[in-house]
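Secondary and tertiary structure notes
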Amino acid sequence: MRITCPYCGSRDVSEFSYIGDAAPQRPDPAGEPAAVEAAFFDYVYLRDNPAGPHRGLWYHGSGCRSWLVVMRNPSTHEILDVTLAAAEAQR
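Notes on the structure follow. Every value quoted in this text rests on a predicted model; they were computed, and no experiment measured them.

1. Some points on the pairing of strand β1 (residues 2-5)
The alternating pattern of β1 places Ile 3 and Cys 5 on a buried face and Arg 2 and Thr 4 on a face that is not buried. Pairing geometry for β1 and strand β2 (residues 9-12), over four bridges, is antiparallel. Counterpart to Ile 3 in the pairing with β2 is Arg 11. Turn length for the β1-β2 hairpin, with the two strands adjacent in sequence and antiparallel, is three residues.

2. Quick notes on the nonpolar core
Soluble, globular proteins show a tendency: their nonpolar side chains are buried together. If you look at the biggest cluster of nonpolar residues, it comprises seven residues: Ile 3, Cys 5, Phe 16, Trp 58, Leu 68, Val 70 and Val 82. Going through the elements one at a time, β1 and β5 (67-73) are the ones with two or more residues in this core.

3. Quick word on the pattern of salt bridges
Inspection of every chain in the model, using the stated rule, returns one salt bridge. Between Glu 15 and Arg 11 there is a salt bridge whose closest N-O contact spans 3.8 Å. Classification of Glu 15 as partly exposed rests on a relative accessible area of 23%.

4. Here we look at unusual backbone geometry
The phi dihedral of Arg 65 falls on the positive side, at around 65°, and the residue is not glycine. Here Arg 65 lies in the loop between β4 (54-59) and β5. Taking the relative accessible area as the measure of exposure, Arg 65 reaches 57% and is therefore exposed. One non-glycine residue, His 77, lies in the positive phi region at around 65°. Within the secondary structure layout, His 77 lies in the loop between β5 and β6 (78-84). For His 77, a relative accessible area of 45% puts it in the partly exposed group.

Procedures and definitions
Residues numbered from 1 in each chain as written. Predicted model: local features only at pLDDT ≥ 70, side-chain atom pairs only at ≥ 80, totals over all residues. Heavy atoms only, no water. Buried < 20%, exposed > 50% of the residue type's maximum accessible area, 1.4 Å probe, protein only. Helix = DSSP H or I, 4+ residues; strand = E, 2+ residues; numbered from the N terminus. Pairing = 2+ DSSP bridges. Core = buried A, V, L, I, M, F, W, Y, C linked by side-chain atoms within 4.5 Å. Salt bridge = Lys/Arg side-chain N within 4 Å of Asp/Glu carboxyl O.

Listed below in structure tokens is the structure:
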């Protein structure tokens, strides 16, 4: 599988590290302690296992050291889109 880094071009997947799902948002630590604890448990341990296209966070550790959001289909390993995580955060 090859991932096209916005800075380095097409690279082998061995240059990247998969970090996880790009969708989860860290819960707000303010609030009732039991609710905050439950929200953090869900955030840390519970993940969906999608069969179709999935947004994942990847790190280009053997290249430019950029954080990337890669849209891919885990069933076919087809890469649909690659964007810089910093650009996604600014949206």
